[in-house]
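The primary structure of each chain is shown beneath.
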Amino acid sequence: MLALNTYPLPDAWERWTQAVDRAARYGVDAMIVADPGLMQYACEKHPGLRLHLSVQGSATNYDA
């Protein structure tokens, strides 16, 4: 399991999506994600990846 409890900044969105892609590629079985926009990205790009919303979850950018 991987916890990704940081919030993507709009000008660095790609850094966080690459982290999700890398985790999926490496076979992480589940992710705890704080940002709803990043969770949506993970759902669309990696539908088999189990996701859990962090207790820190909130919307902090346009994609969220």
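One can find the structure itself at the top, above this paragraph.
So, here's what we can say about the structure.

Cut-off values and rules
Residues numbered from 1 in each chain as written. Predicted model: local features only at pLDDT ≥ 70, side-chain atom pairs only at ≥ 80, totals over all residues. Heavy atoms only, no water. Salt bridge = Lys/Arg side-chain N within 4 Å of Asp/Glu carboxyl O. Helix = DSSP H or I, 4+ residues; strand = E, 2+ residues; numbered from the N terminus. Phe/Tyr/Trp six-rings, centres within 6.5 Å; stacked < 30°, edge-to-face > 60°. Lys NZ or Arg CZ within 6 Å of the ring centre and 35° of its normal. Pairing = 2+ DSSP bridges. Axes fitted to C-alpha atoms, helices over the stretch in contact; angles between N-to-C directions. Contact = heavy atoms within 4.5 Å. Buried < 20%, exposed > 50% of the residue type's maximum accessible area, 1.4 Å probe, protein only. Polar contact = N/O pair within 3.5 Å; in protein donor to acceptor, adjacent residues only side chain to side chain.

Observations regarding the pattern of salt bridges
Within the structure shown, the criterion is met by 1 salt bridge. Residue R50 pairs with D29 through a salt bridge whose shortest N-O separation is 3.8 Å. Taken together, the positions of R50 in strand 3 (residues 50-53) and D29 in the loop between helix 1 (13-25) and strand 2 (30-33) put the pair 21 residues apart, joining distant regions of the chain.

A word on the packing of aromatic side chains
For the structure on display, the rule yields 0 aromatic pairs. Taking the ring centre of Y26 as reference, the NZ or CZ of R25 above it sits at 5.6 Å.

Quick word on the sheet that holds strand 1 (residues 2-4)
The parallel open sheet is built from 3 strands, whose spatial order is 1-2-3. Strands at the two margins of the open sheet, each flanked by one partner only, are strand 1 and strand 3. Each strand of the sheet is rotated relative to its neighbour by a mean of 25°, with strand direction disregarded. Bridge count for strand 2 against strand 3 is 4 bridges, and the pairing is parallel. Residue pairing across strands places V33 opposite L53, the latter belonging to strand 3. Helix-sheet contacts for helix 1 involve strand 1 and strand 2, and the interaxial angle to strand 1 is about 170°. Along the sheet face, helix 2 (residues 36-45) touches strand 1, strand 2 and strand 3 and points at about 170° away from the line of strand 3.

Some details on the environment of L38
Tracing the chain through its elements places L38 in helix 2. Relative accessible area serves as the criterion here: at 0%, L38 is assigned to the buried category. Leaving out residues up to four positions away in the same chain, L38 has contacts with L4, P8, W13, W16, T17, V20 and V33.

Some words on helix 2
Taken as a whole, helix 2 has its buried residues at G37, L38, M39, Y41 and A42. The opening residue of helix 2 is D35, an N-cap whose side-chain oxygen sits 3.1 Å from the backbone nitrogen of G37.

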